[in-house]
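Structural overview
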Amino acid sequence: MSNMTINSHMKTLLGAIAFFPILSLTPTAATAANLGFENNNFDNWQTSANTSIVDSSFGVTPTEGNYQALLSTAGEDNSPVFELVFQGPPPPIFGIGDSLQGQNQGQGFLFSQSQITDFGNSLSPQSTYTQGSAIKTNITVNAGDTLKFDYNFLTNEHSSLPISNNDLAFFSINEQLFELAMLSSVESSLLPSSTSFSRETGYQQYTYTFTKSGNVTLGFAILDEEDVHGDSGLLVDNIRIEPGVIVPEPLTILGAITAIGFGTCFKKSIFSHNKN
């Protein structure tokens with residue numbers, strides 16, 4: 001075999017490899033600034049109502065770094081907490097009514113009342129939420145990426161009290177809401193708390209895998225059901241996006257096979273040439 005023929009085969013092999021990017025499959029996770037609240041603030045987050053950044057002096061050690069986000073339903077009667085979270089006027093019960101109109105100008109809304117009502121009733125029929133707090137941020141993800149975060153549900157509600165209600169913590173991906181903790185579901189496993197709340201679940205981890213690439217709105221909320229007296233809270237920390245395993249497209253697989261085939265043929269040609 002002539003050197004010209006060898007060079008021709010080499011060019012063909014390199015052309016096949018260049019045409020099919022089989023070496024560009026290293027997964028990379030999407031990133032977002034201040035996901036873990038380590039700036040000691042809510043930079044890049046929207047907040048509504050009673051939200052704060054706390055450290056271990058609150059009574060719970062962060063699972064990442066020094067800071068964690070606290071969402072709370074705590075507030076005096078007639079507080080505008082509910083109205084800051086939901087669109088539209090709140091139900092006129094427990095003193096939360098028209099007198100609050102105009103107090104939340106410029107704050108914006110993070111969840112609609114219909115969203116909360118529909119979601120709450122799917123978990124506990126005839127639920128009525130009177131106040132709550134929420135945070136949201138925007139991230140960009142790739143299909144296959146995994147969202148992981150730690151959360152801790154805290155509460156002063158207790159089923160043994162004359163008035164006890166089913167407070168709820170959830171997170172959201174765009175318009176879809178997911179339960180994190182509802183009092184009736186976690187009460188049997190609640191532990192004594194060293195915080196301003198009497199009991200807590202302790203930090204738990206949640207995992208969610210994205211099936212589509214694109215921009216995503218991530219949210220968290222804590223809701224007080226029925227009353228405004230038995231407060232609950234939600235700690236959130238260690239939010240991160242981990243890269244998924246990229247599945248090659250059919251053409252990429254074909255390209256890999258083609259390149260391997262060319263390589264095998266080229267190797268045989270060289271061997272035959274040397275033998276002759």
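Residues numbered from 1 in each chain as written. Predicted model: local features only at pLDDT ≥ 70, side-chain atom pairs only at ≥ 80, totals over all residues. Heavy atoms only, no water.

A tally of regular secondary structure across the protein gives five helices and 12 strands. In the protein, buried positions account for 45% of the 276 residues. Put simply, of all contacts in the protein between residues at least 6 apart along the chain, 77% involve residues at least 24 apart. Split by element, the accessible area of the protein, about 13900 Å² in all, is 53% carbon and sulfur. (Helix = DSSP H or I, 4+ residues; strand = E, 2+ residues; numbered from the N terminus. Buried < 20%, exposed > 50% of the residue type's maximum accessible area, 1.4 Å probe, protein only. Contact = heavy atoms within 4.5 Å. Areas by Shrake-Rupley, 256 points an atom, 1.4 Å probe, with all protein chains shown as cover.)

Tracing the chain through its elements places Ile-239 in strand β12 (residues 232–242). Here the alpha-carbon distance between Ile-239 and Gln-68, two residues 171 residues apart in the chain, equals 9.9 Å. Excluding its chain neighbours within four sequence positions, the residues that come into contact with Ile-239 are Leu-35, Gly-36, Phe-37, Trp-45, Glu-64, Leu-147, Lys-148, Phe-149, Leu-218 and Phe-220.

Below, the discussion takes up the sheet that holds strand β1 (residues 46–48). What the five strands build is an open sheet, ordered β1-β4-β11-β6-β7; its pairing is antiparallel. One side of each edge strand has no neighbouring strand; the edge strands of this open sheet are β1 and β7 (176–182). Adjacent strand axes in the sheet meet at a mean angle of 15° when their direction is disregarded. Of the strand pairs in this sheet, strand β6 (residues 168–173) and strand β11 (residues 214–225) are connected by six bridges, and their pairing is antiparallel. In the sheet register, Phe-170 faces β11, and the bridge partner there is Ala-221. Where helix α3 (residues 113–123) meets the sheet, it contacts β4 (129–141), β6, β7 and β11, and its direction lies at approximately 50° from that of β7. (Pairing = 2+ DSSP bridges. Axes fitted to C-alpha atoms, helices over the stretch in contact; angles between N-to-C directions.)

Following the criterion strictly, the structure yields 15 aromatic pairs and no others. With a centroid separation of 6.4 Å and 80° between ring planes, the pair formed by Phe-171 and Tyr-208 is classed as edge-to-face. With Phe-171 in strand β6 and Tyr-208 in strand β10 (residues 204–209), the pair connects residues that are 37 residues apart, well separated along the chain. The burial state of Phe-171 is the same as that of Tyr-208; both residues are buried. Among the aromatic residues, those joined into a cluster by ring pairs are Phe-37, Phe-42, Trp-45, Phe-149, Tyr-151, Phe-171, Phe-178, Tyr-206, Tyr-208, Phe-210 and Phe-220. Here Lys-136 stacks its cationic end above the ring of Phe-111, 4.3 Å away from the centre of that ring. (Phe/Tyr/Trp six-rings, centres within 6.5 Å; stacked < 30°, edge-to-face > 60°. Lys NZ or Arg CZ within 6 Å of the ring centre and 35° of its normal.)

For the structure on display, the rule yields four salt bridges. The salt bridge partner of Lys-148 is Glu-242, with a shortest N-O separation of 3.2 Å. Of this pair, Lys-148 sits in strand β5 (residues 146–155) while Glu-242 sits in strand β12, placing them 94 residues apart in sequence. Residue Arg-199 is joined to Glu-187 by a salt bridge in which the shortest nitrogen-to-oxygen separation is 3.0 Å. Of this pair, Arg-199 sits in strand β9 (residues 199–200) while Glu-187 sits in the loop between α4 (183–186) and β8 (191–192); the two residues are 12 residues apart in sequence, bridging distant segments of the chain. Take Arg-199 and Glu-187: they sit in the same class, and that class is buried. What you see here is one network of salt bridges that share partners, running through Lys-148, Asp-150, Arg-240 and Glu-242. (Salt bridge = Lys/Arg side-chain N within 4 Å of Asp/Glu carboxyl O.)

All right, on to the side chain of Arg-240 then. Relative to the helices and strands, Arg-240 resides in strand β12. Polar contacts involving the side chain of Arg-240 include one to the main-chain carbonyl oxygen of Asn-238, which spans 2.8 Å. Residue contacts for Arg-240: discarding those within four places in its chain leaves Thr-146, Leu-147, Lys-148, Phe-149, Asp-150 and Gln-205. (Polar contact = N/O pair within 3.5 Å; in protein donor to acceptor, adjacent residues only side chain to side chain.)

Of all residues in the protein, 61% have pLDDT values of 70 or greater, and the mean over the chain is 75. Averaged pLDDT values over the elements of the protein bottom out at 41 in helix α2 (residues 81–85) and peak at 98 in β10. Overall, residues 16–26 carries pLDDT values under 50, and its contacts beyond four positions in sequence, including any with other chains, amount to 12 contacts. The low-confidence segment residues 76–108 (pLDDT under 50) makes 71 contacts with residues lying over four places distant or belonging to another chain. (pLDDT = per-residue confidence, 0-100.)

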